[in-house]
Amino acid sequence: MPAGEPVHLKKHESLDRVSPSGIPIKTVYRPEDAELDYDSDLGDPGQWPYTRGVQPTMYRGRLWTMRQYAGFGSAKGTNERFKLLLDAGQTGLSVAFDLPTQMGLDSDSPRSLGEVGRAGVAIDSVEDMHALLEGIPLDKVSTSMTINATASTLLAMYIVVAEERGIARDQLSGTIQNDILKEYIARGTYIYPPGPSMALIAEVFRFCADQVPNWNPISISGYHIREAGATAVQELAFTLANTIEYVKRAVEAGLPVDTFAPRLSFFFAAHSDLFEEIAKFRAARRIYARIMRDRFNASESSTRLRFHTQTGGVTLTAQQPLNNVVRVTVQSLAAALGGTQSLHTNGYDEALALPTAEAATLALRTQQIVAFESGVTNTADPLAGSYYVEHLTTELENRALKLIERVDELGGSEQAIAAGFFQEEIARSAYEHQLRVEAGETVIVGVNRFADQEEALSIPAPDYSALEKAQVKSVKAVRKERDASKVKRALAALKKASGASSTDTHLMPLIIDAVRARATVGEISGALAENWGYFRPSL
């Protein structure tokens, strides 16, 4: 077709296209759409500003860590799933905890009734952590724990399990999510008010830098912001705005930025618009590199953004669930082409129940096919130089920076959360997305188009009632068998220290002492709350 000749479209097609974030998309992109200075805007992989990746050879040197998120009520059941996945070729663990554990409640608390083991594994004491990790080589396997308000306690339990096995702290590697700001924004599993919560996070930064050098003390999460209805632009902007707040608080607490920043990690979602997602990951690295250098005067080693990716939970459909296998494949490609360091792929049946062993194994095989059969790992950042991808990367960066400026104007993330800014922006985006779905403008195959009827999947559910009874019995047995006087002393010391005003008060060693004495998650959380109180959002 001669240049400039009009393109004839079918009725259902249109020249007016936008990305899911509302970025206009042209029919054709040309060099003028992607004008960049190579050295300052791109650079080779492994070179600042890391747009093209954080390692010079990327996956030719080392593949991303393959994780499958798992938490199945009991520690024993979850341990069995971990071993199955490790035998299938998984290279890292990722732990889901039940709601009481996330909220600092023991399984026998009246508030835990009906929730024990339902959203993940129930952990009450270090004895449960021992069962969870039985037979797992902690000095060889990296473990990620999706835990926030009680992150310090779960990290303490992991350390005590290793200690009681004779494994040194510097041999442990992994990540605790520990991102409380996004809990106030999107998830709601907070315990304490923002002030002491942020101080505790800074304390974990300090402790890990000193004692657990290979551990990531936080995974700053855009994933849950995206799951709540945010666009890719909002996921990018709000995650990095929260990052600014964490780094600022840690520096104000007396931590030199380069002592903790190299161990900061991130957690993003991968949705199905392949090119927008790839561009989002590339933009994230560039924005972060510039923020850390320009705002915090960080050294180059502190400006590399490393991230874990999970395929989009909210993109999974209960209708025609086998279609989710294809969605997860596209999303895995986006993560790999975007340069992720770690990846979890969802099971096709997760819109219906906890993933079956078959679905979890297939999800892992999806990663392995992308890694070993697709060819995307043969060269670093293979889409660099694409006029479209470079344009999208710059457009996402510019739009995210405008949102970050608005957060700055409100006084930073904590003040923006208090003002309801994040929450309102995400709610608006979620509402607009739903309107587009209902109008058929956003197509979801099997839901609002090609919605053929098919037989529903039958997925057996655990006996949660029996599981809860067993867990309650277990935690009561721990309390009966432990040395009550040691627990009392450990909790009293923790309570006293948490009430001190000095930033030199180090809580992590005291939390570890309490865990070692067999204090429970609920008892440790309660000791801290006696001084800090409980957060209650204003309506």
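Residues numbered from 1 in each chain as written. Predicted model: local features only at pLDDT ≥ 70, side-chain atom pairs only at ≥ 80, totals over all residues. Heavy atoms only, no water.

Caption draft 1: Main features of a nonpolar patch on the surface. On the surface, V443, V445 and F450 cluster together into a nonpolar patch covering about 250 Å² of accessible area. Mapping V445 onto the fold places it in the loop between α16 (421–439) and α17 (464–481). Residue classification places V445 among the partly exposed positions, given a relative accessible area of 37%. (Patch = residues over 30% accessible without salt bridge, like charges linked within 9 Å, V, L, I, M, F, W, Y side chains within 5 Å. Areas by Shrake-Rupley, 256 points an atom, 1.4 Å probe, with all protein chains shown as cover. Salt bridge = Lys/Arg side-chain N within 4 Å of Asp/Glu carboxyl O. Helix = DSSP H or I, 4+ residues; strand = E, 2+ residues; numbered from the N terminus. Buried < 20%, exposed > 50% of the residue type's maximum accessible area, 1.4 Å probe, protein only.)

Caption draft 2: Structural context of the packing of helix α9 (residues 232–252) against α16. Packing of α9 against α16 leaves a shortest axis separation of 12 Å and a crossing angle of 165°. Relative to α16, the element α9 is oriented roughly antiparallel. Considering the relative orientation of α9 and α16, their crossing is left-handed. Across from Q234, F238, A241 and N242 in α9, the residues of α16 making contact are F421, F422, E425, I426, R428 and S429. (Axes fitted to C-alpha atoms, helices over the stretch in contact; angles between N-to-C directions. Parallel < 35°, antiparallel > 145°, perpendicular 65-115°, else oblique. Left-handed = near helix turned anticlockwise from the far one by under 90°. Contact = heavy atoms within 4.5 Å.)

Caption draft 3: Structural detail: the pattern of salt bridges. Applying the stated criterion across every chain yields a total of 36 salt bridges. The closest approach of N and O atoms between K26 and D33, which form a salt bridge, is 2.6 Å. A relative accessible area of 17% means that D33 is categorised as buried. As a salt-bridge pair, R516 and D513 come within 2.9 Å of each other at their nearest N and O atoms. With R516 and D513 both in helix α19 (residues 508–516) and three residues apart, this pair spans about one turn of that helix. Look at D513 and you get partly exposed, because its relative accessible area is 36%. Via salt bridges that share partners, D106, D108, R479, R482 and E523 belong to a single interconnected network.

Caption draft 4: A look at helix α12 (residues 323–338). With 16 residues, α12 ought to run about 22 Å at 1.5 Å a step, and its terminal C-alpha atoms sit 23 Å apart, in line with that. Residues N324, R327, V328, Q331, S332, A334, A335, A336, L337 and G338 constitute the buried set of α12. Buried positions along α12 lie against β9 (264–270), α11 (274–296), β10 (307–311), β11 (342–344) and α13 (357–373). At the C-terminal side of α12, G339 shows a positive phi close to 90°. (Expected span 1.5 Å × (residues − 1).)

Caption draft 5: Highlighting the sheet that holds strand β5 (residues 142–146). In spatial order, the strands read β7-β6-β5-β4-β3-β11-β10-β9-β8; together these nine strands make up an open sheet with parallel pairing. Bordering the open sheet on either side are β7 (215–216) and β8 (218–221), each of which pairs with just one other strand. Here β8 pairs with β9 via four bridges, running parallel. For I220, the partnering residue across the bridge sits in β9 and is F266. α11 contacts β9 and β10 of the sheet and is inclined by roughly 160° relative to β9. (Pairing = 2+ DSSP bridges.)

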